Amino acid sequence: MKKFLKIATVVTAAALIFAACGGSDEDSAPDTTMAGATDTTMAGETSDVFTFTNFTPFEGGTVVKCAPADGSALKAAWIYVGPINDGGWTQTHNAGREYVQEILGDKVITTYKENVPEGPQVEIVIDDLVKDGNTVIFGTSFGFQDAFLASAAKYPDVCFEFATGYTQKNNMSQFYGASEDTKYLSGIAAGAEAPEGSEIGVVAPFAIPEVIRGLNGFVLGVQKVNPTATVKVVWTNTWFDPAIERKAAESLISAGVKAIASFQDSPATGEAAKVKGIGWVGYDSDQSEAFNDIWLTASTYDWGPYELAKIEAAIEGKWISGDYYGNLSDNFISIANYGAKVTQETKDLIASERERLTANPAAQFTGPITAQDGTVKIAEGAIPSYGELMSMDYQIKGITTDLPQK
Amino acid sequence: MQSPLRLERRLTQPKWLNWGVPLLSLLGALILGGIVLLATGKNPFSVYARIIERGFASTDAFSRTLISATPFAFTGLAASVAFRMGLINIGGEGQLYLGAIGAAFAGIAFQDQPTAVIIATMIIFGMLFGGAWAAIVGILKAKFSTNEIITSLMLNYVAAIFLDYLIFNSNSYWRDPKSYGFPTGKRLVENAYWYDISIGPIAIPFGFVVAVFVAVIVWFLYSRTRFGYEVGVIASSPSAARYAGIRARWKIITVMALSGALAGLGGASDVGDFRHVLDAKGVQISGYGYTGIVVAALARLNPLSAIFVAVFIGGLSNAGYALQGPDFPSGLVGTLQGLILFTAVAGEILTRYRIKRQNTIADGAIV
C-alpha cells in the first residue's frame, strides 16, 4: 500500500512539475520554487536544484544543504549489509563509492561500513558516522530502511540516499533501476542455452514486487527464444547467504534444469552450476572470467554516476530528495560480458532487443501478458505504467512453481 | 621433546587472581594487537584511543554500547545458568527467536492495554516461549539421555525456519497483512515500546535494567539457595548428587527451561526495546545467541560478571564498526576483537592452573 502511495505521489509530483513547466522539454528542470508550489517564474538555464535523467524530486521537497559550511571536503559514507568482496551486490555498491572518490578526488572523503546487521546496530553506525562529520550517507540494504528513516528525522541536515526502498523524506532519497529490462536480456541467453521445452531454474531472494517483476522479465526473455521452456523458482528468503543459495541451486540442478539463473548477492549458484557444467546467468557482477565455461551473462548495476551526481549536488548546495529509477538509456543498468557458451546469433538478438528496450523501457512487457492462473494482466498492445510495474505481484505463465504465501 | 613448562592445577586460588589475571590478559591483548597494528602500519595508541572513545568514554557512546550490550547480557546469562550445571545449551539463539515470537504476540494482542501491562505480558510470553523451547532439550536429555549440545543446536535451525515461516511464508498472526511489497511483521503500537531509563545523560534501555535485575536474582538463586547448591553438586559429581537424593532429571529440565527463558527474555527485549516488530531477518543476522556463549565463558559463568562482560563486548563491537573504513579493513577489526577475546579466555586458565618449570634432569634424560 505504501508503495502505491509512493507511486501516486511521484506521479502527481511529476504531473505538477510538468504542468508548471508548461510542456517543457526533458532538459528543463524544476527548481525549488516550483517544488515549493509558489507562483514565481521558472529559473533560467542554470538550475538551483539537482536534476538528473530518470530522477523525480519528491513533491513539496526542498533543497537540503548538507555540505560543510567552511568549504572543506565533503564526507560521505556507505553502509553495507554484506562484505565488500561478496562478488555481487555490496561489491558493486563499493565500486560506486570508489568511482565517486576517484572522480572527485580531494573534494570528498568517502568511507564505508560493511557487514552491518539489520536492526539497532544500523542507527548506532549512523550516529558514529555523523559524529565523524559525514553529511551524505548511503544505505544499500532494504532492511536498513526503518533505521534510515529514524536517523533522517534525527539529523535533518544530513542527506540520506537509500537504495531499493520506498519511503520518502525531505532529506532521504530513493534510488534504484529497471533491472527487469536487463534481466529480460539475460533471460534470452538462458532460453537460448537450454534445449527447447526444457526447464530453467531460478534462485530468487524474496517474493516482493521488485524481484517478481525482474523474474517475469527474465522469463519473457527465455520465452522470446524458447517459447515452450518452463521456469522453476526456489525462494531463499535471503539476499546474501552463500550456503543457502548454493543448496537452492543444487536442488534445482538435481531436479533437472538445463540452465540456471540467480538473483542473489553471491556467486554460489555459479559454483553449484559449474560442478555440472550447466549454463548460468548471474546477477550484479561480471563473473565471465571466473566462470567462463558456464557463464552466460548477468544483469548489472552501475551505481556510481547517480551517486557522483548526488554528491556533486550536495557540494554545490543543490541536493534534493527524490526517486531515481535508472534504466538502459542512462546506462544505470547493463548486461555483463558474455561467456563462451553464448552464440553470435544470441548476442545479435540481445543487442537488437537492448536497442528496443533502451528506446522503450519495459517494452518486453507489451501485452498480452498472462499470469500463471490464466488471467490477462496486461492487455494486448499495452505497456505497463511505472505504477503497474512497481506493484507487479503475480508470476507470468511459464513459471511452474507457486509464489510463497502472500 | 618435552616442554620445559607444564600446567599444574592450583589447589587454592588466591583472591588477586580474580582481578589480576583479567587485567594482565587485557594488557597482553593490547600488546599483541599493537604488534598487529604496527605491522599493518597503524598507530596502536590512536586506534586504542578510538576504541575507548567510541565504545565507552563519552556518555552518548556509552548509551549506544548499552543498546548493543542488552541482548548479549540476556544470552550470556542464559548460557551461564545452563553451563553452571554442566548443561551445554548452544540453543540460546533459537530460544531468543522464540522469545521474540512470544513477546511480539503479547505486544500485538494486548496493544490496547496500558504500557505497564503490555511490557509485563511481553516479558512473560517471551520467557514462556523461550523456556518451553529449551525445555524440549531438557526433557529429551532427562528422559532419553540425548546429547543437549546437538539437540539445542539443531533446534536453532528449526526456530529460524519457523520464524521465516511466520513472516515470509504464511498469513500468520505476526505478519502485517498491509505490508505491501516486502513481508514484515506487525509493528507494535508506540504505547508498547519499552522506554529508556535516563541516569543523567546516559540512556539505559529498559531491557538492560531488567537484565541487571535478573542477574542479581540468578546470582542469589545459585549462591544462596538450596536449588543453587544442588545444581552445584550435580555439576561437580552426578553420582554424589544421586546418593544425596537430588532429583537430577527434574533439575535438567528446570535449568534448561530457566536458561531458555532468559534467552527468550532477550528476544522480548529485542522486540520491545529496539525493533518494535518481529524482524525475522534482522534478528537472525545478529547472532546474539552465539555471542552469549562467549559472554558466559568470559564471565566464568558468574551472572554478575556476565553483565560487565556484555557491556565490554557491546562496546568492543560498536567501536569495531567505528574503526572500520577504507583504510581499516573489517578483517583487521575482527583480528583485534578476536585477540582480545582469545587472550581473555586463555588467561582464564591461569586462574585455575599455574605454570611450573619442568625438572631439567628428567628433561635431559628423555632427549
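Bear in mind that the values here come from a model prediction, so they are computed numbers and not experimental data.

To continue, consider the sheet that holds strand β12 (residues 322-326) of chain A. In any sheet, the strands associate via hydrogen bonds between backbone groups, in a parallel or an antiparallel arrangement. Residue and element names in this part refer to chain A. Taken in spatial order, the seven strands of this open sheet run β1-β12-β6-β5-β4-β2-β3, and their pairing is mixed. Taken across any chain shown, the strands that pair with only one partner, and hence form the sheet edges, are β1 (55-57) and β3 (108-113). Within this sheet the neighbouring strands show an average axis-to-axis angle of 15°, counted without direction. Pairing geometry for strand β5 (residues 159-163) and strand β6 (residues 172-177), over four bridges, is parallel. Residue pairing across strands places Phe 160 opposite Met 172, the latter belonging to β6. Packed on one face of the sheet, helix α4 (residues 120-131) meets β2 (74-79), β3 and β4 (136-139) and runs near 165° to β2. Against the sheet, helix α10 (residues 304-315) makes contact with β2, β3, β4, β5, β6 and β12, and its axis sits at roughly 145° relative to β2, the strand it touches most.

What follows covers the interface of chain B and chain A. Contacts between the two partners involve 27 residues from chain B, matched on the other side by 28 residues from chain A. At the level of elements, α3 (59-83), α6 (148-168), α10 (248-275), α11 (280-286) and α13 (303-323) of chain B are the ones that each hand at least two residues to the side of chain B that touches chain A. Ranked by residue count, the leading element in the side of chain B that touches chain A is α11 of chain B, at four residues. Within the side of chain B that touches chain A, the residues separate by chemical class into nine nonpolar, 11 polar and seven charged.

All names here are of chain B. Structurally, chain B comprises domain 1 (1-42 + 328-367) and domain 2 (70-327). The distance between the C-alpha centroids of domain 1 and domain 2 comes to 31 Å. Opposite the nine residues of domain 1 that make contact, domain 2 presents 10 residues.

A few words now on the sheet that holds strand β13 (residues 333-335) of chain A. Residues and elements named next belong to chain A. The strand order across the open sheet built from six strands is β8-β7-β9-β10-β11-β13, with neighbouring strands paired in mixed fashion. Looking at strand neighbours, the two that pair on one side only are β8 (230-235) and β13, the edges of this open sheet. Direction aside, the axes of adjacent strands within the sheet are offset by 15° on average. As judged from the three bridges shared by strand β11 (residues 295-301) and β13, these two strands associate in the antiparallel manner.

Residue and element names in this part refer to chain B. Structurally, Pro 183 is set in the loop between α6 and β2 (196-199). For Pro 183, a count of 25 C-beta atoms within 10 Å corresponds to the buried category. Here the alpha-carbon distance between Pro 183 and Leu 258, two residues 75 residues apart in the chain, equals 33 Å. Ignoring anything within four residues of it in the chain, the contact list for Pro 183 reads Ile 167, Phe 168 and Arg 175.

For the peptide bond that leads from Gly 367 of chain A to Pro 368 of chain A, omega is 5°, which places it in the cis range. With respect to the helices and strands, the residue Pro 368 of chain A is situated in the loop between α11 (344-359) and β14 (369-370). A positive phi angle is found at Ala 362 of chain A, which is not glycine, with a value near 65°. Here Ala 362 of chain A shows up in the loop between α11 and β14. On the basis of neighbour count, Ala 362 of chain A is assigned to the buried category, with 21 C-beta atoms found within 10 Å. A positive phi angle is found at Ser 145 of chain B, which is not glycine, with a value near 55°. Mapped onto the fold, Ser 145 of chain B is located in the loop between α5 (115-144) and α6. Judged by C-beta crowding, with 10 C-beta atoms within 10 Å, Ser 145 of chain B ranks as exposed.

What counts, and where the lines are drawn
- Residues numbered from 1 in each chain as written.
- Chains lettered and ligands numbered in written order.
- Predicted model: local features only at pLDDT ≥ 70, side-chain atom pairs only at ≥ 80, totals over all residues.
- Pairing = 2+ DSSP bridges.
- Helix = DSSP H or I, 4+ residues; strand = E, 2+ residues; numbered from the N terminus.
- Axes fitted to C-alpha atoms, helices over the stretch in contact; angles between N-to-C directions.
- Contact = placed C-beta atoms within 7 Å.
- Nonpolar A, V, L, I, M, F, W, Y, C, P; charged D, E, K, R; others polar.
- Domains from an automatic or database assignment.
- Buried ≥ 20, exposed ≤ 12 C-beta atoms within 10 Å, placed from the backbone.

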